[in-house]
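Chain by chain, the residues run as shown.
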Amino acid sequence: MFRRTRERITELEAERDAAVAKLDAAEGRLTALAAWPVRKKVLVSLKSGRAIRGILHELDEELMHVRNAELVESDAARSLDGPVTIIERVDVDFVQVLSR
């Protein structure tokens, strides 16, 4: 009986440790998201080699919402259709904050 109780305690401790690790990871992601320059003018460089300039309006763990987006090319910038351009974060190479 004591052996089963001890085994069950060990199982519960392992579950608790896994839950704490998940919470710590989620908290780290939220802290990282809070550091992003939301409501700032940015240049988003994509892994494809293209760049999009606009105002980073909103973001979550998977998507970036950019308002007033323009596709920046070597000689000019072209406005993109729609009020908001949605970019998957896996496609982003890096983000630069632009001065006003």
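What comes next is a walk through the structure. All values derive from a computational prediction rather than experimental measurement.

1. Concerning the overall build of the protein
Okay, so step 1: Looking only at helices and strands, the protein has one helix and six strands in total.
Okay, so step 2: When the helices and strands of the protein are placed in sequence order, the string is α-β-β-β-β-β-β.
Okay, so step 3: Burial status across the protein gives 20% buried among its 100 residues.
Okay, so step 4: For the protein, restricting intrachain contacts to residue pairs at least 6 apart in sequence, the fraction spanning at least 24 positions comes to 39%.
Okay, so step 5: Of the roughly 7,700 Å² that the protein leaves accessible, carbon and sulfur atoms contribute 52%.

2. Digging into the side chain of Thr 85
Okay, so step 1: Among the secondary structure elements, Thr 85 is positioned in strand E5 (residues 84-88).
Okay, so step 2: In contact with Thr 85, other than residues within four places in its own chain, are Met 64, His 65, Val 66, Ala 69 and Leu 80.

3. Things to note about the environment of Ala 69
Okay, so step 1: Here Ala 69 shows up in strand E3 (residues 63-72).
Okay, so step 2: Residue classification places Ala 69 among the buried residues on the basis of a relative accessible area of 6%.
Okay, so step 3: For the pair Ala 69 and Thr 85, spaced 16 residues apart in the sequence, the C-alpha separation amounts to 6.4 Å.
Okay, so step 4: Setting aside its immediate chain neighbours within four residues, Ala 69 contacts Ile 52, Arg 53, Gly 54, Arg 78, Ser 79, Leu 80 and Thr 85.

4. Regarding the environment of Gly 49
Okay, so step 1: Note that Gly 49 resides in the loop between strand E1 (40-46) and strand E2 (51-59).
Okay, so step 2: The exposure class assigned to Gly 49 is exposed, which follows from its relative accessible area of 66%.
Okay, so step 3: Considered as a pair, Gly 49 and Asp 93 are 44 residues apart in the sequence and their alpha carbons are 8.7 Å apart.

5. A short note on a negative patch on the surface
Okay, so step 1: Residues Glu 58, Asp 60, Glu 62, Glu 88 and Asp 91 make up a contiguous surface patch of negative charge.
Okay, so step 2: Following the sequence through the fold, Asp 91 ends up in the loop between E5 and strand E6 (92-97).
Okay, so step 3: Here Asp 91 falls in the partly exposed class, since its relative accessible area comes to 39%.

6. Observations concerning unusual backbone geometry
Okay, so step 1: A positive phi angle, near 70°, is found at Arg 39, a position not held by glycine.
Okay, so step 2: When you line up the elements, Arg 39 lands in the loop between helix H1 (2-34) and E1.
Okay, so step 3: Take Arg 39: its relative accessible area is 53%, and that puts it in the exposed class.
Okay, so step 4: One non-glycine residue, Asn 68, lies in positive phi territory at about 50°.
Okay, so step 5: Along the polypeptide, Asn 68 turns up in strand E3.

7. With respect to the pattern of salt bridges
Okay, so step 1: The full count for this structure, using the stated rule, is four salt bridges.
Okay, so step 2: With a closest N to O distance of 3.1 Å, Arg 8 and Glu 11 form a salt bridge. Of this pair, Arg 8 and Glu 11 both sit in helix H1, three residues apart, which is roughly one turn of that helix.
Okay, so step 3: Residue Arg 8 is classed as partly exposed on the basis of its relative accessible area, which comes to 41%.
Okay, so step 4: A salt bridge links Arg 53 to Glu 70, with the nearest nitrogen and oxygen atoms 2.9 Å apart. Remark: Glu 70 occurs in strand E3 and Arg 53 occurs in strand E2; sequence separation between them is 17 residues.

The rules behind these values
Residues numbered from 1 in each chain as written. Predicted model: local features only at pLDDT ≥ 70, side-chain atom pairs only at ≥ 80, totals over all residues. Heavy atoms only, no water. Helix = DSSP H or I, 4+ residues; strand = E, 2+ residues; numbered from the N terminus. Buried < 20%, exposed > 50% of the residue type's maximum accessible area, 1.4 Å probe, protein only. Contact = heavy atoms within 4.5 Å. Areas by Shrake-Rupley, 256 points an atom, 1.4 Å probe, with all protein chains shown as cover. Patch = residues over 30% accessible without salt bridge, like charges linked within 9 Å, V, L, I, M, F, W, Y side chains within 5 Å. Salt bridge = Lys/Arg side-chain N within 4 Å of Asp/Glu carboxyl O. Lys, Arg positive; Asp, Glu negative; His and termini not counted. Charge placed at Lys NZ, Arg CZ, Asp CG, Glu CD.

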